[in-house]
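Each chain is listed here by its residues.
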There are 2 protein chains.
Amino acid sequence: MAVVSRYTIALHILTWLAYWVEKDEFFPSDRIAKSVGTSPVFLRRILGQLAKAGLVLVQHGGTGAGWRLARSPEKISLLDVYEAVVQTPLFELHHSQPNPGCVIGHGIQPALQRVYGDSEETLKRRLAQESIADLVASSLEHGKR
Amino acid sequence: MAVVSRYTIALHILTWLAYWVEKDEFFPSDRIAKSVGTSPVFLRRILGQLAKAGLVLVQHGGTGAGWRLARSPEKISLLDVYEAVVQTPLFELHHSQPNPGCVIGHGIQPALQRVYGDSEETLKRRLAQESIADLVASSLEHGKR
DNA sequence: TCCATTGTAACTACTTCAGTTATATTGAAA
DNA sequence: TTTCAATATAACTGAAGTAGTTACAATGGA
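Predicted model, so just to flag it, every value in this text is computed and none were measured.

Let's shift gears to the packing of helix H1 (residues 5-19) of chain B against helix H3 (residues 40-52) of chain B. Residues and elements named next belong to chain B. H3 packs onto H1 with a crossing angle of 80 degrees between their chain directions and a minimal axis gap of 10 Å. Classed by the angle they form, the pair H1 and H3 counts as roughly perpendicular. When H1 is examined against H3, the residues Arg 6, Ile 9, Ala 10, Ile 13 and Leu 14 are found in contact with a partner set consisting of Phe 42, Leu 43, Ile 46, Leu 47, Gln 49 and Leu 50. Grouping the amino acids of the contact of H1 with H3 by side-chain chemistry returns nine nonpolar, one polar and one charged.

This is the structure we're talking about:
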């Protein structure tokens, strides 16, 4: 299966906020929703996770309420976003327990956990190399055509 | 989210077959199911994918019917298994289309596709480094205790 | 011909995800 | 103090995917 589209949405949100970062404003969720093409409630659920991870700031009430980046786009890596939004491990183990009476059934899970852990680490190191600022640049590059 | 547990099941099957590879026999799916702890039908669905990918051989009728490895465990990488069993890309894009009138909405998908593609490649290169033979060794190591 | 086994379809139960609706809460500005 | 634009959150829906079960047709060696 796949890393949920929630991750894509989170990256879209942050890239959008980064694009407007010069404005130095808080932007409401339904304004962001216009670009993402999804519901403001869904976005706020994700924005809440990003806020908890310290990636965005929220202004609750009043006329200027909304969201903005908590730090500069260069300092937000795709790994930061991944860890803010994705809580489950990349690989699933068995749903029902393997037979502990069988040598393989007994030893396979720790064996897999090692490989799975290493592989997830490898993926995360790759994500750490890219920032939201890179995504803005790359989006503009493609958006131009 | 996660790579489906089907991948874990496929690795369990192949590791089990590799453990018994000296026997030079075809093993029925319900024998394998005893070790994995799941239903033979589910296993046969996965075994079918593995056969299509050329990783196992199947013997249909008769008393000696069942499954065996198509080649030696050292020559089956975890990437081979991944590609046999997982068909969807690792990262999902938007479910509903982003706004093409917005600069970011227009450019974000190709930008993400590049990063997502690179990241998936990185993961696959890691999986290519490990073989079913390694999993057998590692399982026995843990199974011993 | 026998029969252990695979191949496959149909169905169920469960979970997750995205989206919607509705309501309470916040807090700057008038 | 009131107003009101916005967030916070719960409850619900529909859709999709996963794993598991049952049932039955097809295979092919003995």
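On we go from here.
Before going further, it helps to spend a moment on the protein's contact with DNA strand D. The environment of DNA strand D is made up of 26 residues, and the closest members are A:Ser29, A:His60, B:Ser5, B:Thr38 and B:Gly61. Between DNA strand D and A:Ser29, the relevant distance is 2.7 Å, taken from a phosphate oxygen to a main-chain nitrogen or oxygen of the residue. For DNA strand D, a phosphate oxygen lies 3.2 Å from a polar atom in the side chain of A:Ser96. Within the surface near DNA strand D, the residues separate by chemical class into nine nonpolar, 13 polar and four charged.

Two chain copies, one operation linking them: a rotation about an axis together with a shift along it. It takes a turn of 180 degrees to lay chain A on chain B, together with a shift of 0.0 Å along the axis; the resulting RMSD is 0.1 Å. Look at the turn and shift together and you get a two-fold axis relating the two. Counting the interface residues of chain A, we find that 100% of their copies in chain B are interface residues as well, pointing to one common contact surface.

Counting 86 residues, the largest nonpolar core has A:Leu50, A:Val81, A:Ile132, B:Leu50, B:Val81 and B:Ile132 as its most contacted members. Apart from residues lying up to four places away in sequence, B:Ile132 is in contact with B:Leu11, B:Leu14, B:Thr15, B:Ala18, B:Pro73, B:Ile76, B:Leu78 and B:Val81.

Within the secondary structure layout, B:Arg126 lies in helix H5 (residues 103-128). A distance of 3.3 Å separates the side chain of B:Arg126 from the side chain of A:Asp118, its partner in a polar contact. In this view, B:Arg126 contacts A:Asp118, A:Ser119 and A:Thr122; residues no more than four positions away in its chain are not counted.

Cut-offs applied
- Residues numbered from 1 in each chain as written.
- Chains lettered and ligands numbered in written order.
- Predicted model: local features only at pLDDT ≥ 70, side-chain atom pairs only at ≥ 80, totals over all residues.
- Heavy atoms only, no water.
- Axes fitted to C-alpha atoms, helices over the stretch in contact; angles between N-to-C directions.
- Helix = DSSP H or I, 4+ residues; strand = E, 2+ residues; numbered from the N terminus.
- Parallel < 35°, antiparallel > 145°, perpendicular 65-115°, else oblique.
- Contact = heavy atoms within 4.5 Å.
- Nonpolar A, V, L, I, M, F, W, Y, C, P; charged D, E, K, R; others polar.
- Near = heavy atom within 4 Å.
- Polar contact = N/O pair within 3.5 Å; in protein donor to acceptor, adjacent residues only side chain to side chain.
- Least-squares fit on C-alpha atoms with pLDDT ≥ 70 in both.
- Core = buried A, V, L, I, M, F, W, Y, C linked by side-chain atoms within 4.5 Å.
- Buried < 20%, exposed > 50% of the residue type's maximum accessible area, 1.4 Å probe, protein only.

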